[in-house]
Amino acid sequence: VKNSFVDFKMNYPVAEGIGGRDCPLQVTVEQLILRPAGRPDISLSDTTSPFVCCIEPYDNLFRFPQNVHDLFLSNTGLSSHVETDPSILVLEPGIAYHNSPNSTFNFNASLIIALNNGLQVQIPNYELVHPLRGLASDGSRVLNTSIMEVQVYSEAVALGASVLGKAFLSQVSLLSKTLNV
């Protein structure tokens, strides 16, 4: 893209540490913290081993390396293999759980992402969980409120290609407006 305001080179070298994919917008995550409501913070990463993430504006889900993904599941009690509604096509499956009046589980946590430049971004619970969304067989959009979906990809990422998506960008945008950056 080139105009009087921006000169942004579009042929990027392959990024190191994220599966050899093109990644023009990348950050290094120094620490990832799960903040359950009313409980102590839980570290999901090792501060001595920061990891690189692509920022993908079109991606809905967070995608984490195996160790972070496993810690997320074990500390939330969620499973990446929950039976969802077979009549709904979900192209990018997040981590799902059943939501019923008798259910004793409700995901209620935020996610803190600390970058190596000192910036900390908090992703609130309302950006992390929502009813299952997908497509019906006729292509129409469907919402199933009896199944909730946490915005973390259901499997660990291949080749360490971690991703921060729309929720991260929206919170960074709000933070920059608040700080007048």
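Before going into details, it helps to say that this report is about the structure given with it. Values in this document were obtained by computation on a predicted structure and should not be read as measured data.

### What to know about the overall build of the chain
A tally of helices and strands in the chain yields 3 helices and 9 strands. In sequence order, the secondary structure elements of the chain are arranged as β-β-β-α-β-β-β-α-β-β-β-α. When burial is assessed residue by residue, the chain has 39% of its 181 residues classed as buried. At a minimum sequence separation of 6, the contacts of the chain that also span at least 24 residues come to 66%. With the model as given, the accessible surface of the chain reaches about 10400 Å², and the carbon-plus-sulfur share is 54%.

### Looking at the sheet that holds strand S8 (residues 141-153)
Read from one edge of the open sheet, 3 strands run S4-S8-S7, paired in antiparallel fashion. The open sheet has two edge strands with one neighbour each: strand S4 (94-98) and strand S7 (129-135). Averaged over all neighbouring strand pairs, the angle between strand axes comes to 60°, with direction disregarded. Sitting on the sheet, helix H1 (residues 66-76) is in contact with S4 and S8, with an inclination near 125° to S8.

### Points about H1
Buried within H1 are the following residues: Val68, His69, Phe72, Leu73 and Thr76. Buried residues in H1, looked at end-on, bunch into an arc of 135°, giving them a common side. At its buried positions, H1 is contacted by strand S1 (26-36), strand S3 (51-55), S4 and S8.

### Overview of the pattern of salt bridges
Inspection of the entire model under this criterion finds 3 salt bridges. Notably, a salt bridge pairs arginine 35 with aspartate 41, separated by 2.8 Å at the nearest N-O pair. Arginine 63 is the salt-bridge partner of aspartate 59, the closest N and O atoms lying 3.0 Å from each other. Here the two residues aspartate 59 and arginine 63 agree in accessibility, since each one is buried. Three or more residues are tied together by salt bridges with common partners; here these are Asp59, Arg63 and Glu92.

### A look at the environment of isoleucine 42
With respect to the helices and strands, isoleucine 42 occurs in strand S2 (residues 42-43). Distance from isoleucine 42 to phenylalanine 72, taken between C-alpha atoms, is 9.1 Å for residues 30 residues apart in sequence. Isoleucine 42 has contacts with Leu32, Ile33, Leu34, Pro36 and Asn75, leaving out every residue within four places of it along the chain.

### Notes on the packing of aromatic side chains
Under the definition given, this model contains 2 aromatic pairs. Relative to phenylalanine 64, the ring of phenylalanine 62 lies with its centre 5.9 Å away and its plane at 15°, an arrangement referred to as stacked. For phenylalanine 62, a relative accessible area of 1% gives the class buried. Exposure remark for phenylalanine 64: the relative accessible area of 1% places this residue in the buried category.

### Overview of the pairing of S8
Of the pairings in the sheet, the one linking S4 to S8 comprises 5 bridges and is antiparallel in character. Within S8, the position partnered with isoleucine 95 by the bridge is valine 150. Between S7 and S8, which follow one another and run antiparallel, lie 5 residues, and glycine 139 among them has a positive phi close to 90°.

Thresholds applied
- Residues numbered from 1 in each chain as written.
- Predicted model: local features only at pLDDT ≥ 70, side-chain atom pairs only at ≥ 80, totals over all residues.
- Heavy atoms only, no water.
- Helix = DSSP H or I, 4+ residues; strand = E, 2+ residues; numbered from the N terminus.
- Buried < 20%, exposed > 50% of the residue type's maximum accessible area, 1.4 Å probe, protein only.
- Contact = heavy atoms within 4.5 Å.
- Areas by Shrake-Rupley, 256 points an atom, 1.4 Å probe, with all protein chains shown as cover.
- Pairing = 2+ DSSP bridges.
- Axes fitted to C-alpha atoms, helices over the stretch in contact; angles between N-to-C directions.
- Arc of directions from axis to C-beta.
- Salt bridge = Lys/Arg side-chain N within 4 Å of Asp/Glu carboxyl O.
- Phe/Tyr/Trp six-rings, centres within 6.5 Å; stacked < 30°, edge-to-face > 60°.

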